Every structure is written in structure tokens, then in C-alpha cells.
Amino acid sequence: MAGLTKSEFANPVINWIDTRLPIFTMLQKEYGVFPTPKNFNYFWNFGALAMVCLAIMIITGIFLAMNYQPNTELAFNSIQHIMRDVNYGWLLRYVHQNGASMFFIVTYIHIFRGLYYGSYKTPRELLWMLGVVILLVMMATAFMGYVLPWGQMSYWGATVITNLFSAFPVVGPKIVTLLWGGFSVDNPTLNRFFALHYLLPFVLVGVVFLHIAALHITGSNNPLGIDVKSPQDTLPFHPYYTIKDSVGICVFLIVWAIFVFFVPHTLGDPNNFIPANPLQTPADIVPEWYFLPYYAILRSVPNKLLGVCMMFGSLIVLFVLPWLDTSRVRSARFRPIYRQLIWVWVLSFVVLGYCGMHKPEGIYVVLSRVATLYYFLHFLVILPILGKLERPLPLPESISQPVLRGRGGGPLPGSATAKPMEKA
Amino acid sequence: MGKLRSLLAGVFAAGLLAAPAIAQEDEMPNEKWSFNGVFGTFDLAAAQRGYQVYANVCANCHSMQMLHYRDLSGIGLDAAEIKAIAAGITVPSGLDDQGNPKEGPATPANQFKSPFANEAAARAANNGALPPDLSLIVDAREGGANYIYGILTGFGQPPSGFKMQDGMYYNRMFPGHQIGMPQPLQDGTVEYVDGTPNTMNQEAHDVVTFLAWAADPETVERKQIGVRVVLFLMFMTGLTYAVKRKVWSNVPH
Amino acid sequence: MADSSAAAAHHAAPGHGPSGDVTKRDLLQLIATAGAVIGAGAIAWPLIDSMNPSKDVLALSSVDVDLAPVIEGQGITIVWQGKPIFVRHRTAAEIKEAQDTPLGQLIQPQADSARVKAGHDQWIILVGICTHLGCVPLGNKPSDPRGDYGGWFCPCHGSQYDTSGRVRHGPAPANLALPPYAFESDTKIKVG
């Protein structure tokens with residue numbers, strides 16, 4: 001057969017398919033034997049956990065969509081129908097609802113790993129930027145998903161957030177009308193949010209594919225932040241990391257299961273058990289916990305447009321992070337000042353989340369302004385300057401070397417030249 | 001790394017638990033509910049008495065539109081009892097030959113009968129206030145079952161100097177202390193068929209048990225499956241970890 | 001080094017270590033894989049079962065019919081599981097006609113006694129869907145044509161049924177189907 005390279009799998013069926021469309025060869029290359037740094041810690045599980053999360057969310061979402069009605073008259077009741085009458089409907093709903101929280105927990109930790117170990121630095125800038133795109137698409141998906149049950153918080157959260165776009169000069173109100181498809185959040189809005197909420201996860205699958213493709217060009221980072229120098233620094237992904245990821249997945253599923261089966265309402269808001277009422281605003285309009293830090297940034301300044309710009313800015317600044325951080329050293333392990341300051345940044349993010357939970361009055365105004373200031377200070381001032389001023393610790397020669405000398409990662413005594421491998 | 005994760009989790013949990021801004025007007029009662037805890041179940045006798053309270057007292061003003069009579073099998077009533085309960089209730093039942101709406105006895109497939117045809121009628125009959133639907137009330141209020149119990153047992157005389165508005169009633173639990181609902185339960189309001197003493201607190205306890213079931217009828221099955229799932233996952237964690245250790249045993253790390 | 005042992009694990013037969021013996025690791029692997037398969041099954045079942053009829057649909061899976069208003073010679077149509085059900089109160093003449101028909105004359109031979117409940121042969125209860133291509137035959141309303149056999153007549157392609165709902169003239173190949181039903185009293189039936 002002209003142009004075809006015959007595959008060499010033992011199984012004749014797999015061989016036949018692979019000769020015509022080399023999926024199995026690709027899987028073997030990218031996941032079977034793919035050389036992966038041998039010194040990953042459990043932080044490196046979180047990308048795989050995010051993928052598992054996405055798959056479970058899509059599957060539960062499709063089965064929920066078989067019963068959900070995207071119409072303002074029917075939506076709330078259709079969810080109750082799922083909860084009460086559909087076989088295992090309650091399970092589908094709780095897995096999906098808590099899964100959104102799990103997805104953000106896992107993604108935030110995954111992002112933290114990138115920040116701590118310098119995974120955004122060259123040559124992985126595009127990988128990082130694709131990741132920020134994933135975060136933004138996740139946020140849009142989650143926002144629209146929360147509107148679908150058409151509870152009080154669904155309706156009023158949608159109203160507040162869509163109204164933000166009116167802050168833009170001249171075209172603002174027209175944009176909002178376009179988003180709404182009417183004069184307020186109503187049936188057209190709900191319907192299009194459902195269509196888009198169904199669509200975006202598949203867009204996510206595509207972006208995740210690009211994210212992993214980019215990763216496989218550069219190879220993974222590792223806790224030491226230094227490049228792979230030889231095959232001795234790596235292990236084939238299978239079985240070493242397939243099994244390690246399996247451990248992580250089991251632990252992850254336990255956490256998810258505890259929420260689903262024992263405390264399914266903890267991360268939610270009681271107000272969303274009340275059907276949406278356009279004539280009655282709840283005492284506190286609060287988004288889901290994963291949006292709280294951004295909500296706090298939004299409300300930290302009294303000017304609407306400035307607040308909107310800063311909220312979006314807090315995400316856009318992530319895009320240019322690879323160029324803001326001037327340090328030549330990737331991993332915080334070897335950056336004694338950065339490794340402390342990153343925690344201060346984490347603290348500012350948590351404080352912002354805490355402020356987002358409360359009305360913007362009293363102490364919370366001050367706290368959110370200070371934390372917002374620090375958030376931007378970290379990226380726009382500290383990182384560019386720190387890279388120039390910080391004296392990093394000496395890096396090990398290679399990934400294999402610290403392991404041979406016992407658990408390493410810190411400065412090595414004496415010379416840093418590599419000793420020959422002792423194990424055959 | 002585990003420490004880091006637990007630190008972050010702890011900080012976040014502390015933040016979440018430092019609860020949002022709904023002012024607790026009075027101390028939340030701390031009732032013992034049969035359905036609390038990993039192995040909690042619904043006290044079916046209490047739930048059945050609670051249904052009796054709902055049907056005789058609350059249903060005069062409050063709908064429970066998410067419930068159907070067939071759902072009552074969840075509180076231990078059998079098919080014959082449910083059919084009898086439904087048959088004793090008159091509900092809208094389609095159209096007659098002239099095309100006019102007619103009524104008839106309910107069947108198990110029917111929703112619980114609503115006291116009012118629509119919101120306007122409900123408001124008109126209640127001084128402009130809308131008695132909320134009770135299907136999800138336990139989940140729709142901060143404090144859940146304890147809060148609802150607190151409301152039902154929290155009526156009393158306003159303290160001296162407290163200005164009550166017309167048509168409102170003083171309640172210790174309700175935010176603002178002025179509630180549109182007159183005290184629904186007192187000692188002896190409902191005669192229990194099983195002879196349980198019908199004190200106000202007992203009636204409140206029973207109806208809240210019923211309402212908690214009504215809001216989350218799948219609770220017991222959910223927790224039972226959850227125990228099995230978590231145990232299975234813990235087993236799988238141990239197993240995969242053991243395999244991981246074996247796979248990695250020849251790699252210095 | 002790490003690569004070669006990994007390669008060996010890759011090429012060794014499943015369940016056997018490099019030396020060919022069943023190692024503890026491979027037994028653990030087997031149990032872990034079995035656990036994963038069980039887990040996958042446990043996940044798949046609720047997903048599939050959620051597509052089965054939900055509780056509200058099942059609640060309507062049977063219907064009670066009051067026969068008292070249906071006088072002799074009259075028929076009504078009720079809906080059960082989305083299908084039309086014919087309930088006809090047969091006259092004595094209709095019953096006799098149905099019982100006396102020789103089985104050899106029938107396209108699908110079936111005795112009338114097999115199509116009614118003992119002691120209630122004045123009631124014929126049928127699924128009102130023509131066995132040809134699914135139209136609803138006429139014959140329940142007093143003004144409807146009943147065909148040459150006094151039963152039902154299907155206007156789509158001309159099939160005709162007798163007073164027992166048996167097909168007497170094609171193109172329908174089979175008798176009108178019988179729904180599951182039972183008499184709760186002389187004047188009440190439960191269909192389904």
C-alpha cells in the first residue's frame with residue numbers, strides 16, 4: 001500500500017487501525033514511553049486530576065442535560081425532578097455541582113505548582129498562556145452553569161455580573177442588552193447560557209489538547225526547575241506516572257465523594273434553593289467560593305469601570321507573567337526570597353476570598369484594598385525586581401544527581417560536579 | 001506537600017466557616033436530629049407525625065409543590081395508606097365535557113395540593129405576605145432544621161419598648177424579630193394518632209423532621225452509598241499506593 | 001537502567017514478572033485492576049439507570065378506569081402509557097358473534113374467550129393501534145364506521161377488525177393487541 005508505514009502491534013485489530021490512523025502509536029509515544037522527569041512530587045498529579053475532573057463533569061453534564069429544561073418556567077422544577085424522580089438523579093446532580101468546586105480546587109493548586117516551580121518560564125510560556133485560557137473558559141462555563149438552576153443566587157449573580165459590562169464607555173449598555181437578549185436576565189439569557197454551557201467544555205477539551213501538545217514539545221518541568229540532561233533523568237510515563245497518578249486520583253475521588261455523599265450543600269448557598277424572583281433581591285449576593293477573590297477585587301474600588309478592569313486585569317496579568325518574572329532560576333526551591341514571598345501572595349489571594357464573602361463595609365474594605373494592592377504588586381513590581389536582585393542558591397548539576405547523594409534539593413557540599421552513576 | 005495542602009485547606013475552611021453576613025438574631029437551637037451524622041436516618045414515626053402536622057396545620061397556607069403523594073413511601077407509609085390519604089384530598093382533575101375545570105379525588109401521582117391557586121391569591125389571603133413553599137425550606141435557610149425549629153418555637157411577647165408593626169408577630173429567631181406568620185403550633189394543636197404527647201416542642205420537632213425529609217428524601221440512601229464508596233476508594237488508594245511503591249522500588253527517589 | 005527494567009515490565013506477559021514468576025507486585029496489580037473495573041461498573045450503572053423511566057413516569061404506568069358510565073353498545077378510548085386503549089361494552093349479539101366465529105375463518109386464529117376475562121365477556125379491552133402501520137382504528141364513537149364485522153375499521157389502509165378485535169380483513173397481519181389489565185371490581189379495571 002503506497003505511503004503507509006506498517007505498524008507493529010501484536011494485536012491484528014489494533015495493528016490494522018493503527019496503520020491507517022496511528023492513534024495507538026501516538027498513545028504509546030505520548031503516554032506509554034514518554035520520558036518524564038523522575039523527580040516529580042505529588043504536585044505534578046494535579047494536571048491529571050483536572051483532566052479526570054473535566055471528563056466526569058462532561059459525562060454527568062450530558063446525563064443531566066437529558067432531564068434539564070432551559071426555560072425560566074421549568075428550570076428550577078426540572079432540577080427538583082432530577083433530584084427526586086430520576087433514578088440516581090441526585091447523584092448526577094451532586095457529583096456535577098460539587099465537581100465544579102473540585103475542578104477549581106485542583107486547577108488552583110495546579111496553577112500554584114506552576115507559580116512555585118517556574119513552570120511558566122521559557123520555553124513553556126505558550127503552555128502557560130494556554131493554561132490561562134483554560135482558566136478563563138472554566139470560569140465562563142462555571143458562571144453560566146450556576147445560572148441554570150434558576151435559583152435566587154443564579155438570577156441575581158447573573159444580573160450583577162452581566163451588568164458589569166455596562167461600565168464600558170459608549171458601548172457598555174448595548175453589550176449588556178446583547179448578552180441578555182432582552183431588557184434583563186430572562187428566558188433568552190437562560191437559554192443561551194445553557195447552549196454555551198454545553199458547548200464550552202468541548203472547547204475546553206480542545207484547549208487542553210493543545211496544552212498537553214505544547215507540554216510534550218518542551219517536556220515537563222520538575223521540582224528542581226532544571227532541564228533534563230540525559231535519559232537517566234527520566235522515566236517512561238507508563239507505568240511510573242500512570243500508577244502514581246492513580247494514587248492521586250483515588251485520594252481526589254475520596255475528597256469529592258465526601259462532599260457528594262455527606263456534605264453536598266456545604267460549598268453552596270441556601271438562597272439558591274429559592275426559585276428566582278426578579279422582584280426580590282437576597283440580602284447578600286455572593287458568587288460561588290472560587291470566584292470570591294475576583295469578586296473582592298471588583299468591589300475593592302468604588303469606581304465601576306475601574307473595578308471591572310482590575311478584576312479582568314488580575315487574570316490578564318497572568319498571561320504576561322513569563323515576561324514579568326526576570327529570574328533566571330525556575331524553581332522556588334533555589335530562590336530563597338521568592339519562596340517566602342509567594343506565600344504572602346497566596347495569603348493575599350485567600351484574604352481576598354475571605355473579603356469577597358462579606359459585604360464591602362468596615363474592615364473588609366480596607367482588607368480587600370490592601371490585598372488587591374499586594375496581588376498586583378507581586379506581579380508588576382516584586383517579580384520584575386526580585387529576579388534581578390535575588391541571589392539564587394546553586395543549582396544541582398542534574399536531576400539524577402541529588403537523588404544519588406540522598407534527598408537533595410538544597411546546595412551540595414563541596415564541588416557540584418556529577419559523580420558517575422553507581423547503579424548499573 | 002501534604003502539609004502545604006492541609007495548611008491551605010485549613011485556612012480556607014476557617015474562612016468558609018467564619019460564616020457569611022446573615023445576622024443570627026437569637027441563639028440557634030441545637031436540637032438532636034435523627035438524620036444528623038454519617039449514619040443518621042429519618043425517624044419515620046416522627047416524620048409521619050410531622051406529615052400529620054403539615055397536613056392539618058401548615059397546608060392551610062403553605063404549598064409543598066415538589067412533593068407528590070407517592071413520595072410518602074419515603075416516610076414508611078405503604079401503598080394502601082398513600083392511596084387512602086390521596087383519595088381523601090380533592091384536587092383539580094382535568095376538564096369536564098363542557099371544557100370547564102373540574103375537581104376530583106387525588107391519586108398517588110398527584111402533587112401535594114396547594115392551598116392557593118397562585119401567588120396573588122396567596123398574598124390576598126395573607127395580608128400581602130406570601131407563605132413560602134415548604135418543599136425545600138430546610139435547605140433554603142441558613143441554619144437548616146435548627147433554624148426552622150427555632151422559628152416554630154420562637155414566638156412570644158415582644159420585649160417592652162419593641163415597636164411591632166400591624167399584622168406582624170414577634171419571633172425570637174426571625175431576622176428583624178417581626179414575622180408575618182401567626183404562631184402555628186401550640187401544645188395540643190394536633191392529636192397524634194400514635195398517642196405521642198403533643199407538646200408544641202414535639203410538634204415542632206416532628207414537623208421539622210418531616211420537612212428535612214421532604215427537602216432531601218434521598219439522604220439515607222445517599223449516606224449509605226457514600227460509606228461504601230469512601231471505603232472502596234480508601235481500599236483502592238491503599239492498593240494503588242502499594243503497587244506504586246513496588247513499581248518505583250528500583251528507582252532511587 | 002530504569003528504562004530497561006521498565007521495558008522488561010512492558011514486554012513480560014501480564015501477571016508475570018521479568019523472571020516469569022507471578023510476583024507480589026503483579027498480584028497487587030491484578031487486584032488493583034480488578035478494583036478499577038469494579039469501580040468503573042459501579043459508576044456506569046447509575047448513569048445507565050438514570051435513563052430508565054423516572055419515578056413520575058412509573059407512577060403513571062397504570063391507570064384506573066371506571067366502567068360504570070360505559071353503557072351497552074358503547075365504547076370509550078382512554079390513554080395508557082401514551083397509547084389509546086379501546087374499552088367497549090359489547091351487546092349480547094356482539095358477544096355471540098365473537099364466540100361463534102369458526103377459528104378457520106380468522107387471519108390470526110384466536111378464541112374470543114382468550115381475549116376477555118372470565119365472567120366479564122361483555123368487556124373487550126384492546127390497544128387501539130392498528131397492527132399494520134400504527135394508525136388508530138375507528139369504531140368507538142357512535143358515528144364511526146365499524147367495518148363489515150361490527151368491530152373497528154382502520155381508515156388508513158382499510159383493515160377491519162371484529163367485535164373481539166381480531167383482524168378479519170387486511171392489510172393488518174395480527175389481531176389488536178391486549179393490554180395487561182385486571183378487574184378490581186365489576187365496574188373498575190386497572191390497566192397496566
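Residues numbered from 1 in each chain as written. Chains lettered and ligands numbered in written order. Predicted model: local features only at pLDDT ≥ 70, side-chain atom pairs only at ≥ 80, totals over all residues.

Once that is clear, we can look at the environment of Leu215 of chain A. Residues and elements named next belong to chain A. As for its placement among the helices and strands, Leu215 is situated in helix α9 (residues 187-218). For Leu215, a count of 20 C-beta atoms within 10 Å corresponds to the buried category. Placed 91 residues apart in sequence, Leu215 and Arg124 show a C-alpha to C-alpha distance of 7.4 Å. Beyond its immediate chain neighbours, meaning those up to four positions away, Leu215 contacts Leu127 and Ser220. (Helix = DSSP H or I, 4+ residues; strand = E, 2+ residues; numbered from the N terminus. Buried ≥ 20, exposed ≤ 12 C-beta atoms within 10 Å, placed from the backbone. Contact = placed C-beta atoms within 7 Å.)

What follows is about the sheet that holds strand β6 (residues 160-162) of chain C. Residue and element names in this part refer to chain C. One open sheet accounts for three strands, arranged β5-β6-β7; its pairing is antiparallel. Lying at the two open borders of the sheet, with one neighbouring strand each, are β5 (150-153) and β7 (167-169). Between one strand axis and the next, the sheet turns by 40° as a mean value, whatever way the strands run. (Pairing = 2+ DSSP bridges. Axes fitted to C-alpha atoms, helices over the stretch in contact; angles between N-to-C directions.)

Below, the discussion takes up the sheet that holds strand β4 (residues 123-127) of chain C. All names here are of chain C. The strand order across the open sheet built from three strands is β2-β3-β4, with neighbouring strands paired in antiparallel fashion. At either margin of the open sheet sits one strand with a lone partner, and together these are β2 (75-80) and β4. For this sheet, the mean inter-axis angle between neighbouring strands, taken without regard to orientation, is 20°. In the sheet, strand β3 (residues 83-89) pairs with β4 via five bridges, with the strands oriented antiparallel. Looking across to β4, one finds that Val87 is bridged to Ile125.

Every contact between the two is made by 39 residues of chain A and, on the other side, 36 residues of chain B. Every element with two or more residues in the side of chain A that touches chain B is listed here: α4 (75-84), α10 (237-261), α14 (338-356) and α16 (400-404) of chain A. Ranked by residue count, the leading element in the side of chain A that touches chain B is α10 of chain A, at 13 residues. For the side of chain A that touches chain B, the class distribution of residues is 27 nonpolar, seven polar and five charged. (Nonpolar A, V, L, I, M, F, W, Y, C, P; charged D, E, K, R; others polar.)

Glancing now at the packing of α10 of chain A against helix α8 (residues 219-247) of chain B. Relative to each other, α10 of chain A and α8 of chain B sit at 160°, their axes nearing to 9 Å. Here α10 of chain A is positioned roughly antiparallel relative to α8 of chain B, judged by the angle of their axes. Considering how the two elements wind past one another, α10 of chain A and α8 of chain B form a crossing that is left-handed. (Parallel < 35°, antiparallel > 145°, perpendicular 65-115°, else oblique. Left-handed = near helix turned anticlockwise from the far one by under 90°.)

A general feature of soluble globular proteins is that nonpolar side chains tend to end up buried together. In terms of nonpolar packing, the biggest core is built from 72 residues, with Cys53, Phe103 and Val106 of chain A touching the most fellow members. Looking at this core, the elements that each hand over two or more residues are α3 (46-65), α4, α5 (89-117), α6 (125-147), α7 (152-164), α9 and α10 of chain A together with α8 of chain B. Of all the elements, α10 of chain A adds the most residues to this core, at 14 residues. Core analysis: the next-biggest nonpolar cluster, separate from the first, contains 43 residues, Phe273 of chain A together with Ala86, Leu134 and Tyr149 of chain B among them. (Core = buried A, V, L, I, M, F, W, Y, C linked by C-beta atoms within 7 Å.)

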